[in-house]
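Chains, contacts and geometry: an overview
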Amino acid sequence: MQSTPTGTTTGSSSSAPRNSALPPRLSWTLIIGLALFICWWQPGRDVEGVNPQGWRLLAVFLPCILALMLQPLPGGAAVLLAVIASVLTGALPLEKALGGYVNSSVWMVLAAFFLARALINTGLARRIALGFVKLLGHTSLGLAYAVVASEVVMAAMIPTIAARLGGVLLPIIRSLAELYNSRPGETAGLLGRYLTLALYQGSVVACALFLTGQASNPMAAQQAAIHTDGAVILDYGRWFYYACVPALTALVIVPYIVFRLEKPGIVHTPKAAEFAREELAKMGPPQRNERLATIILAGSCLLLALGGAEQATVVLLGAVALLVLTNVLSWNDITGEHGAWDVFIWYGGLLQLGTQLKETGLIDLFAKTAAGSFHGWSWLPLFIATLLIYFYAHYAFASITAHILTLYPAFVAVLITTGAPAPLVVCVFAFFANFSAGLTHYGTTPGPILFSTGYVSLGTWWRVGFLVSLVNVAIWLTVGMAWWKLVGLW
């Protein structure tokens, strides 16, 4: 979940470094205690509009979300246990409990992880990053734009932010920093601190730009369809279309804002461009597998942009088949991509649990009850106030996916019930969950990875994260709202 698995192959939070300060025994006490409390508290079986089995499912679903937040065990394992519990408690029949694993978006995410492996294995991802450094890397600000541009290009296809940052870009920015003797400690401020912060803050915005920006975006898209009864379909092309103007504006402004907040001691970096040229020379011209990967992935991106939601899964699975048939990917690459299968387990399970919970009527009951508290409010101030609460609530989350699953359905349902335009609400809340991860060093999986390098102190990370969040929110609520008005979301 985004937060999503660590390492160079994945982006799921399920295997992410454990960020909870609570010992496992206490975490389990809270999780089991929550389940028992819901079973005891449920107001009976006769609540109008609520399926009686809904309370049992709630007693499985909410403890599962708490487990994803406290992380007493990997997220994939927590979700699998919740799926099993939903069957054993009678909340769902077996066929429905396992129904998420036949959902097309789950297979789309799985296929995208395999494509990411091809990008990394063939060296194409590294070549892209070095190419941007060669082109833009003559100044420290240019370097930041180079690594952020690399992140944006890779986010168009690689759904794991941890793989993009940890597997490709972090080794490059560390090498660039060390070219100028900027290392963790006293010399961090020469270059390394700035590049680390600029990369992270740019990356979480890139996550909001594409449906494939991070692993739980397709889950938000599924929720959007559910809460609008299929009226809003956030396929690859529509997601990019709605997000592109505010996201690209933020991607231009944010590296400069970070530069002003944490100006590096070294401003001119001619060695960086030379380093990129030397590394590209070492790589040599693209070999067969890299050329094939480039053709297949470029074709896939084009088809994704032109096709609909269902076609996206077919396109990506077809691309994986071509990569296997041409031996760009081996079957061992497929079976050994543990992060992809981990995401498959937690994504399919969570998607189905959340969908079934909506069908019980509990979410609608919550929305109607909460909406009564805002009687008399016009939709716009309520929308902004709720959005800010939703955004800054990410201080309590180490996972974008847990954030979306916990708050997205409830907040979206309340706003739609009070009269806010449904297309605007479902899109904006999906986008905002992504760059809210920039608030802290644990907001998404690569946060702990980058923070552990030692270039940025905790206080600096949080200060910059908060100040950049103000800029991001301002951009998306001005440029974004104007764009969404123009394209008819409200």
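Thresholds applied
Residues numbered from 1 in each chain as written. Predicted model: local features only at pLDDT ≥ 70, side-chain atom pairs only at ≥ 80, totals over all residues. Heavy atoms only, no water. 1 Å grid on protein atoms, 1.4 Å probe; cavity = no way out; pocket = protein on both sides within 12 Å on 5 of 7 lines; lining within 4 Å. Points joined across faces, edges and corners; volume = space filled by probe spheres on them. Helix = DSSP H or I, 4+ residues; strand = E, 2+ residues; numbered from the N terminus. Nonpolar A, V, L, I, M, F, W, Y, C, P; charged D, E, K, R; others polar.

**What to know about the layout of surface pockets**
- Within this model, the largest pocket holds a volume of roughly 540 Å³.
- What lines the largest pocket is a set of 24 residues, among which Leu58, Leu62, Leu362, Ile363 and Phe366 lie closest to the centre.
- Elements represented by at least two residues in the lining of the largest pocket include exactly α1 (24–41), α2 (54–70), α16 (338–359), α17 (362–372) and α19 (400–417).
- Here the lining of the largest pocket gets six residues from one element, more than from any other, and that element is α19.
- Taken together, the residues of the lining of the largest pocket break down into 19 nonpolar, four polar and one charged.
- Of the pockets and cavities examined, the second largest pocket occupies roughly 360 Å³.
- Along the wall of the second largest pocket there are 18 residues; nearest its centre are Ala35, Ala59, Val60, Pro63 and Ala85.
- Of the residues in the lining of the second largest pocket, the class split is 16 nonpolar, one polar and one charged.

**A look at empty space enclosed by the protein**
- Throughout the structure, instances matching the rule amount to two cavities of 30 Å³ or more.
- When its volume is computed, the largest cavity comes out at roughly 40 Å³.
- Taken together, Leu170, Ile173, Arg174, Ala177, Gly192, Leu195, Thr196, Thr453 and Tyr455 make up the lining of the largest cavity.
- For the lining of the largest cavity, the secondary structure elements donating two or more residues are α8 (161–179) and α9 (192–209).
- Among the elements that make up the lining of the largest cavity, the one with the highest residue count is α8 (four residues).
- When grouped by side-chain class, the residues that make up the lining of the largest cavity number five nonpolar, three polar and one charged.
- Its boundaries defined by the atoms lining it, the second largest cavity holds a volume of some 30 Å³.
- When residues in the lining of the second largest cavity are grouped by element, the largest group, three residues, is from helix α5 (residues 104–121).

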